[in-house]
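# Coordinate analysis (summary)
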Amino acid sequence: LAEAVQVAAASHRIKVGGAFRLVDYSQTYAFGSVPIAYYSGLDGFADDRGAYFGLQNAPAAVSFTVAEPRLFVQDTWSIAPEVDLIVGITFDAQRFPTDLISANTSWITLSGISNATVPRDRKGAGGRGGFVWNVRNAGTTVVRGGAGLYPDRLDPSVMAEVVTSNGGLGVNRAFGDVGQWPEVDNTTVTASRLTLFSDTYRAPRSFRLDGGLTQAVGTSGSVTFSGLFNHSDFLLRRVDLNRLPRSVANTTEDRPVYATLAKEDALVGPVPGSGRRFAAFDHVFGLAPTGYADYYELTARLDQRLSQGLAFDASYTWSRTRDNVVGRLSPDPADRLSPFPEGIDGVDWTIGTSDLDIPHRVVGRLEYRGSGSTPISLGVRGRWRSGAAFTPGLPLGVDLNGDGAVGNDPAPILASLAGLGAALSSHGCTAGPGPFVARNSCREPSVGALDLHLSVGLPVGGRDGRVQLVVDAFNVVATRQGVIDRAL
């Protein structure tokens, strides 16, 4: 439900409004619902020897309703015929049911840490101030700028994970003999998984600065330059509260190890049950609001009408995203743990290029629009972007630091490996703290595509409400993409 009222008074246009949203959320999934087995190769597969991970029982269905009220006030003040100032304030809240999370008495007794904290944050006030300067009130040069603080919300799927993983979800692990495929699960250790919120929970928020300049070019074109800076904080990061507080050993390249390691041909991983403070529990994920992300963006755009009915536009965007939140694109929650929780040489390895960083994007479009009672529109669009960032790691199934995550261990830089330098250089990788590749310093190949557009106006409806048949064909010509094997 949403409603707003706008009142004009002299040089002010005041808008007051509110919204109330009820989100009915349901989830029946948890990672590991479908068991996962890793093998070192065909011989390991034939001999039923590898590593196994899966849930002991299917996760219970989780359903709840989230209430999200919102109020706002905004004033657009025309301080001069050329200049408008905009000031707005919002009040947002997010309310989860308080009885969703059951206290796990075993965990609380062992650790003294409650798992029943429900995220509640009433600091949902935000605001924005900005201006629009229409130079000489002619519409040929327009300057915009603004700054704002924007409250954000908790993803309901995170709440669903906490509700599901309250200690009633058993985890089976095996290393070595895992049973015959597909009837794997020769389990050696079963323990409970737990996910909990820190009692310091804060709702995420973003501070944003943006500005731009639009300049008319001739009588039928314009060029726009814009910039944006966005800082988000109180992002949730994941730590394992059941990991040993200190590493028990180091590998030859000085990687910290938190469990007793075992080897099965090319597979290396922790002996199931080792490296745990409390044997009754597997991972105990603590979610703390210690994450941040910084996003920078500069964009140049050209719009030009070439002739009657024919138009062209093109844009280029440079951007940069840095954060300290690892594994944002991994389906395995364990991969969001830092592989170096104690840091490397006093440096936090997690601070670096974001998993979401795409530094260069180019889009160009040419479109013809006809006239008449059945107008036809034809368009072609070209897109190109940089490849995604990645960290070269170890093969899936290799957990060299023994933290129970098979996808978060970065590869070491070993001068003794022939061809390693050339492989790293070809993907733009750089060295990080210690003998490891810097986080997300490597790039996948760039991606390009060509799209086609066709629309035909049908002789149905009036001039302002014509029915159209629209066909869009995406990736008519496109760069081939696939799953990149990031194991170095």
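Here, every reference points to the structure presented above.
Position numbers for residues start from 1 in each chain and track the written sequence from start to end. Totals for whole chains, interfaces and linings use all residues, but because this is a predicted model, local features are given only for residues with pLDDT of at least 70 and pairs of side-chain atoms are given and counted only at 80 or more. Side-chain numbers come from the whole structure's heavy atoms, not from hydrogens or water.

### Comments concerning the pairing of strand β18 (residues 310-323)
Let me state the cut-off plainly: Between any two strands, at least two bridges found by DSSP are needed for them to pair. In DSSP terms, a helix is any run of H or I states spanning at least four residues, a strand is any run of E spanning at least two, and both are numbered starting from the N terminus.
Taken together, the 14 bridges between strand β17 (residues 281-307) and β18 define a ladder with antiparallel strand orientation. Note on β18: the bridge partner recorded for Arg 305 is Ala 311. Counted along the chain from β17 to the antiparallel partner β18, the turn is 2 residues long, and its residue Gly 309 has a positive phi close to 90°. Strand direction decides the pairing type here: β18 and strand β20 (residues 360-369), joined by 9 bridges, are antiparallel. Bridging from a neighbouring strand, Thr 317 pairs with Arg 361 of β20.

### A look at unusual backbone geometry
Defined as follows: Exposed residues in this analysis have more than 50% of their type's maximum accessible area, buried residues have under 20%, and partly exposed residues fall in between, with area computed by a 1.4 Å probe over protein chains only.
Positive phi, normally seen in glycine, also occurs at Asp 265, with a value near 55°. Exposure remark for Asp 265: the relative accessible area of 48% places this residue in the partly exposed category.

### Quick notes on the state of the cysteines
Definition in use: Throughout, a disulfide means two cysteine sulfur atoms within 2.5 Å of one another.
Applying the stated criterion across every chain, the model contains 1 disulfide. Each sulfur in the disulfide pair Cys 429 and Cys 442 lies 1.9 Å from the other. The sign of the 125° torsion about the S-S bond sets the Cys 429-Cys 442 disulfide as right-handed. Taken together, the residues Cys 429 in the loop between α4 (420-426) and β23 (442-443) and Cys 442 in strand β23 connect sequence positions 13 residues apart. Like Cys 442, Cys 429 is buried.

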